[in-house]
Amino acid sequence: MLETFINLGLFVMLVATAVAITRMRRLFGVTMMASVFSLLSAMLFVTLDAVDVAFTEAAVGAGISTVLMLSTLTLTSRIEKPTTRSPLVPLVVTAITGAAIIYGTLDMPNFGDAHSPAQVGVAARYMAESPTDIDIPNVVTVVLASYRGFDTMGETAVVFTAGAGVLMLISGLRRRRRKGDDKKEETS
Amino acid sequence: MFVIAIFALFIAMILVLIRLYAGPTLYDRVLAVNSFGTHTVLFIGVLGFLTERPEFLDIALLYALINFVGTIAILKYFRYRGIGDIHQMPTDQEIGE
C-alpha cells in the first residue's frame with residue numbers, strides 16, 4: 001500500500017516535470033528541470049532496490065549532463081525558438097513507440113518473481129558454490145571479477161580507451177591554443 | 001512516524017517543483033534544484049528506515065556531495081558564463097560588482 005503510494009507520487013512528479021520541460025521556452029529552466037527529472041528517476045531506481053543504477057543516474061544525469069548542457073548554453077541562444085511544424089507527427093511516433101515498449105513488458109516476469117529466468121538459471125549455483133569455488137565472500141564481486149571476468153575486462157578496456165582518447169583530444173587543443181597565445185604576444 | 005515523514009517530504013517536493021516551474025528569477029530555480037537534491041537525500045534516508053535497511057544512508061551522503069558540486073557548477077556558470085577553461089574567463093574586476 002505504502003509502496004504503491006510512493007511509486008505513484010514519484011511517477012506523478014516525473015510526468016509533471018516532463019510536461020513542464022516541453023512547455024518551457026527558457027533553456028536555463030529546462031536544464032534545471034532535466035536535472036530534477038534525473039533525480040526523480042534516481043529515487044525511483046532506489047525504490048526498486050537498484051541503488052547502483054540510481055547512483056549512476058544521479059551522477060551522470062543530475063551532475064555531468066547539467067554541466068554539459070550549461071556549457072552548451074554558453075555557445076547557443078538561451079531561448080528556445082518556437083517550432084513551426086505541426087507537433088502531430090512526433091506525438092504519433094512517440095505514442096507508437098511507448099505502446100510498443102509497454103507491449104514488450106507484458107511477457108516479462110513480475111517484480112521479485114522467484115521463478116523469473118534470472119533466478120532459476122545459474123544464479124542458484126553461483127550462490128551455493130562461489131564460497132568454496134572462488135573463496136571470495138561477496139557473491140557480486142565473484143560474479144563480476146571471476147565468472148564474468150572477460151566481460152568486465154572488456155568493459156574496462158572500453159572505458160580506458162574512451163578516457164585516453166578524450167584526454168588526448170583535450171591536451172591537443174590546449175597545446176594549439178597556447179601556441180596561438182605565444183604568436184599573439186610576439187606580434188604585440 | 002517514517003510514513004508521516006515521507007508524506008511531508010512529498011508535499012515539500014511538490015512545493016519545490018512549483019517554485020521551479022513558476023520561479024520568476026533564475027536564482028529561484030537554482031535554489032529549487034539544490035533544495036530538490038536535499039530532498040532526494042532525505043527521501044533515500046527515510047526510505048532506508050522505512051524498509052528497515054538503513055545501510056542506504058551512506059549512499060544518501062554521496063548524493064549530498066553530487067548536489068553540492070552541481071550547485072557550484074551552476075553558480076560558476078552564472079558568474080563567469082563558462083565552466084571550464086579558466087584562462088579565458090574574465091576576472092572578478094572585469095565583471096564588476
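Note that the coordinates shown come from a computational prediction; the quantities given were computed from them, not determined experimentally.

J.: Sorry if this is basic, but what is going on with the packing of helix α1 (residues 2-23) of chain A against helix α2 (residues 26-50) of chain B here?
T.: Working note: a packed helix pair is described by the angle between its axes plus the distance between those axes. One can describe the packing of α1 of chain A onto α2 of chain B by two numbers: an axis separation of 13 Å at closest approach and a directional angle of 165°. One finds that α1 of chain A runs roughly antiparallel with respect to α2 of chain B. Judged by the sense of rotation from one axis to the other, the crossing of α1 of chain A with α2 of chain B is left-handed. Across from Leu-2, Ile-6 and Leu-10 of chain A in α1 of chain A, the residues of α2 of chain B making contact are Phe-43, Leu-47 and Leu-50 of chain B. Classifying every residue of the contact of α1 of chain A with α2 of chain B by side-chain character gives six nonpolar, no polar and no charged.

J.: Looking at this model, I keep getting lost on helix α3 (residues 57-80) of chain B. Mind explaining?
T.: Counting along an α-helix, one turn takes 3.6 residues, and residues three or four places apart therefore face a common direction. Here α3 of chain B contains 24 residues, and its C-alpha end-to-end distance of 35 Å stays within 8% of the 34 Å for a straight helix at 1.5 Å per residue. Taken together, the buried positions of α3 of chain B are Ile-59, Ala-60, Tyr-63, Ile-66, Asn-67, Gly-70, Thr-71, Ala-73, Ile-74, Tyr-77 and Phe-78 of chain B. Structurally, α3 of chain B contributes buried residues whose contacts are with α2 (27-47) and α3 (51-75) of chain A together with α2 of chain B.

J.: Looking at this structure, how should I read the nonpolar core?
T.: Soluble globular proteins: nonpolar side chains tend toward being buried together. In terms of nonpolar packing, the biggest core is built from 47 residues, with Leu-10 and Phe-28 of chain A together with Phe-36, Phe-43 and Tyr-63 of chain B touching the most fellow members. Those elements that provide at least two residues to this core are α1, α2 and α3 of chain A together with α1 (2-22), α2 and α3 of chain B. Of all the elements, α2 of chain A adds the most residues to this core, at 11 residues. With near-sequence residues (within four places) excluded, Phe-28 of chain A lies in contact with Leu-70, Leu-73 and Arg-78 of chain A together with Leu-26, Val-30, Ile-74, Tyr-77 and Phe-78 of chain B.

Rules behind the numbers
Residues numbered from 1 in each chain as written. Chains lettered and ligands numbered in written order. Predicted model: local features only at pLDDT ≥ 70, side-chain atom pairs only at ≥ 80, totals over all residues. Heavy atoms only, no water. Axes fitted to C-alpha atoms, helices over the stretch in contact; angles between N-to-C directions. Helix = DSSP H or I, 4+ residues; strand = E, 2+ residues; numbered from the N terminus. Parallel < 35°, antiparallel > 145°, perpendicular 65-115°, else oblique. Left-handed = near helix turned anticlockwise from the far one by under 90°. Contact = heavy atoms within 4.5 Å. Nonpolar A, V, L, I, M, F, W, Y, C, P; charged D, E, K, R; others polar. Expected span 1.5 Å × (residues − 1). Buried < 20%, exposed > 50% of the residue type's maximum accessible area, 1.4 Å probe, protein only. Core = buried A, V, L, I, M, F, W, Y, C linked by side-chain atoms within 4.5 Å.

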